[in-house]
Amino acid sequence: MRVVLMGPPGAGKGTQAAVVSGRLGIPHVSTGDIFRANAAGGTPLGLEAQKYMDAGEYVPDSVTNEMVRDRLAQPDAAAGFLLDGYPRTLAQVDELADMLGSAGTAIDSVVELTVDTDEVVARLVKRAADQGRSDDTEDVIRRRQEIYSEQTAPLTALYAQQGVLVQVDGMGDVDEVTTRVLDILGV
Ligand code: AMP
């Protein structure tokens, strides 16, 4: 199964992606996690990504697309994957379709977690306090929400046209949301 999980920053994508990918037995591919691991390891990719992440901006498409292309070419992703945080721009949507098309596959489902924006910002502020993420200051949180609405939210209309978009209420307990996601995926 090839699944994309979407939703605004703080919608609980990472948490749901980890649980749902485990249940489906497919790798969890989080571009944010890959960037953070590279930043922590001081790799050239990490150093490049860090400045964008710290400002709440998107890492350039060329950098992100190449990284995802490499990751999806790994053998463990051949039979399926759950993408978390990608695609986020129109150029990334096209690139992903191209990557999959050349392998004769396509995305099966795009799950959009819908949430209340005030609740989301409150969650992010709490996560900043708990984890000390350098991209979770209040200004950056606001900037990330703006960029999501401008650049990423419009992608859902495109996936809806393609008939692969499903929306899931992302509010409530983590377990409740997981059950909703698995139900809608027919698992
Ligand atoms: P996330 O953990 O998904 O919230 O991602 C954290 C940060 O990594 C984002 O704010 C961006 O700076 C960067 N990032 C993650 N995924 C992407 C993507 N698909 N395109 C561009 N930047 C990304």
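One can find the structure itself at the top, above this paragraph.
Residues numbered from 1 in each chain as written. Predicted model: local features only at pLDDT ≥ 70, side-chain atom pairs only at ≥ 80, totals over all residues. Heavy atoms only, no water.

(A) Quick look at the overall build of the chain. Secondary structure assignment for the chain yields nine helices and five strands. Along its sequence from the N terminus, the chain presents helices and strands in the succession β-α-β-α-α-α-β-α-β-α-α-α-β-α. Its C-alpha atoms give the chain a radius of gyration of 16 Å, near enough to 16 Å, the size a compact globule of 187 residues would have. Considering only C-alpha atoms, the chain reaches an extent of 40 × 40 × 30 Å along its principal axes. Evaluated residue by residue, the chain yields a buried proportion of 44% over its 187 residues. Carbon and sulfur atoms make up 51% of the accessible area of the chain, which amounts to about 8900 Å² in all. Across the chain, the mean location of the 16 positive side-chain charges is 3 Å away from that of the 29 negative side-chain charges. (Helix = DSSP H or I, 4+ residues; strand = E, 2+ residues; numbered from the N terminus. Rg over C-alpha atoms; globule rule 2.2 N^0.38 Å. Buried < 20%, exposed > 50% of the residue type's maximum accessible area, 1.4 Å probe, protein only. Areas by Shrake-Rupley, 256 points an atom, 1.4 Å probe, with all protein chains shown as cover. Lys, Arg positive; Asp, Glu negative; His and termini not counted. Charge placed at Lys NZ, Arg CZ, Asp CG, Glu CD.)

(B) Quick peek at the packing of helix H4 (residues 61-72) against helix H5 (residues 90-102). Running from amino to carboxyl end, H4 crosses H5 at an angle of 25°, the nearest separation of the two axes being 10 Å. Taken together, the axes of H4 and H5 lie roughly parallel to each other. Crossing geometry of H4 relative to H5 is assigned as right-handed. On the side of H4, the interface is formed by Asp61, Thr64, Asn65, Val68, Arg69 and Leu72, while H5 contributes Ala91, Gln92, Glu95, Leu96, Asp98 and Met99. Its residues assigned to classes, the contact of H4 with H5 shows five nonpolar, three polar and four charged. (Axes fitted to C-alpha atoms, helices over the stretch in contact; angles between N-to-C directions. Parallel < 35°, antiparallel > 145°, perpendicular 65-115°, else oblique. Left-handed = near helix turned anticlockwise from the far one by under 90°. Contact = heavy atoms within 4.5 Å. Nonpolar A, V, L, I, M, F, W, Y, C, P; charged D, E, K, R; others polar.)

(C) Spatial organisation of unusual backbone geometry. Cis rather than trans, the peptide bond between Tyr86 and Pro87 has omega equal to 0°. Along the chain, the position of Pro87 falls in the loop between strand S3 (81-84) and H5.

(D) Main features of the site of the ligand. In the vicinity of the ligand lie 14 residues, with Thr31, Arg36, Glu57, Gly85 and Arg88 positioned nearest. A distance of 2.7 Å separates an oxygen atom of the ligand from a polar atom in the backbone of Glu57. Measuring from a nitrogen atom of the ligand, one finds a side-chain N or O atom of Arg88 at 2.7 Å. If the ligand stood free it would expose 480 Å²; the protein chains cover 96% of that surface. Ranked by residues supplied to the shell around the ligand, first place goes to helix H2 (residues 31-41) with four residues. Here the shell around the ligand is built from residues that sort into five nonpolar, five polar and four charged. (Near = heavy atom within 4 Å. Polar contact = N/O pair within 3.5 Å; in protein donor to acceptor, adjacent residues only side chain to side chain.)

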